[in-house]
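Coordinates in review
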Amino acid sequence: MPHIIIDYSRGAAERVLIDELTRAVHRRVRDAGLVKPTIVRTFAREATFSCVGDEHADNHFVQIIVRLAPGRTKEIKRELLRAVLDAAQNVAAPALQEGRLGLRADLYESDPNFAFQEIALA
């Protein structure tokens, strides 16, 4: 971990370069020196259906969730989350300036007692 999940409202990719945003967030976390680079996993997925605010067709939302294994300090978690948001803001800047776009990043700590996995990656 971390696992980074980027959810976005239907049609948001018409205003935000989601593939670029996904790579930017992934690389920022991978290269920040806060986690082992080989354990970062990032994916983006579009909502099949979404409502944002007053449901105007131009309203869009990008939600970034960082799932992290326990054991890091609050300062490291804040630094990691700030890096995620900064990377996303850089890519989404034109759409943010136009308005009608929400961008948010949250960090959740995974409980190892309730997570099972098998990993075959180097």
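Here's a quick rundown of the structure.

So, how was this worked out
- Residues numbered from 1 in each chain as written.
- Predicted model: local features only at pLDDT ≥ 70, side-chain atom pairs only at ≥ 80, totals over all residues.
- Heavy atoms only, no water.
- Salt bridge = Lys/Arg side-chain N within 4 Å of Asp/Glu carboxyl O.
- Helix = DSSP H or I, 4+ residues; strand = E, 2+ residues; numbered from the N terminus.
- Buried < 20%, exposed > 50% of the residue type's maximum accessible area, 1.4 Å probe, protein only.
- Core = buried A, V, L, I, M, F, W, Y, C linked by side-chain atoms within 4.5 Å.
- Contact = heavy atoms within 4.5 Å.
- Polar contact = N/O pair within 3.5 Å; in protein donor to acceptor, adjacent residues only side chain to side chain.
- Expected span 1.5 Å × (residues − 1).
- Arc of directions from axis to C-beta.
- Axes fitted to C-alpha atoms, helices over the stretch in contact; angles between N-to-C directions.
- Parallel < 35°, antiparallel > 145°, perpendicular 65-115°, else oblique.
- Left-handed = near helix turned anticlockwise from the far one by under 90°.

Turning next to the pattern of salt bridges. On inspection of all chains with the given rule, the structure shows seven salt bridges. Between Asp7 and Arg45 there is a salt bridge; the shortest N-O distance is 2.4 Å. With a gap of 38 residues between them, Asp7 in strand β1 (residues 3-8) and Arg45 in strand β2 (residues 41-46) connect regions that are remote in the sequence. Accessibility expressed as a relative area gives 41% for Arg45, which makes it partly exposed. Lys77 is the salt-bridge partner of Glu109, the closest N and O atoms lying 2.8 Å from each other. Remark: Lys77 occurs in helix α2 (residues 74-98) and Glu109 occurs in strand β4 (residues 101-109); sequence separation between them is 32 residues.

Counting residues in hydrophobic clusters, the biggest one holds 27 residues, and the most contacted among them are Ile4, Leu21, Val25 and Ile64. Counting residues per element, the ones that place at least two in this core are β1, α1 (18-31), β3 (60-68), α2 and β4. Per-element tally for this core: the top contributor is α2, with eight residues. Ignoring sequence-local partners within four residues, the contact set of Ile64 consists of Ile4, Ile5, Ile6, Leu21, Val25, Val84, Ala88, Leu103, Arg104, Ala105 and Asp106.

With respect to the helices and strands, Thr22 occurs in helix α1. Within polar-contact distance, the side chain of Thr22 engages the backbone oxygen of Ile18 at 2.8 Å. If we ignore the near neighbours within four places in the chain, the residues touching Thr22 are Ile6, Thr42 and Ala44.

What follows deals with α1. In this model α1 runs 20 Å from its N-terminal to its C-terminal C-alpha over 14 residues, within 8% of the 20 Å that 1.5 Å per residue would give. Within the sequence span of α1, burial applies to Ile18, Leu21, Thr22, Val25, His26 and Val29. The buried residues of α1 occupy an angular sector of 125 degrees when projected down its axis, which confines them to one face. Elements that come into contact with the buried residues of α1 comprise β1, β2, β3 and α2. Phi for Gly33, located one or two positions after α1, is positive at around 80 degrees.

Relative to each other, α1 and α2 sit at 150 degrees, their axes nearing to 9 Å. By the criterion of interaxial angle, the relationship of α1 to α2 is roughly antiparallel. The two elements α1 and α2 meet at a crossing, and its hand is right-handed. From α1, Glu20, Leu21, Ala24, Val25, Arg28 and Val29 reach across to α2, where they touch Leu80, Ala83, Val84, Asp86, Ala87, Ala88, Asn90, Val91 and Ala92.

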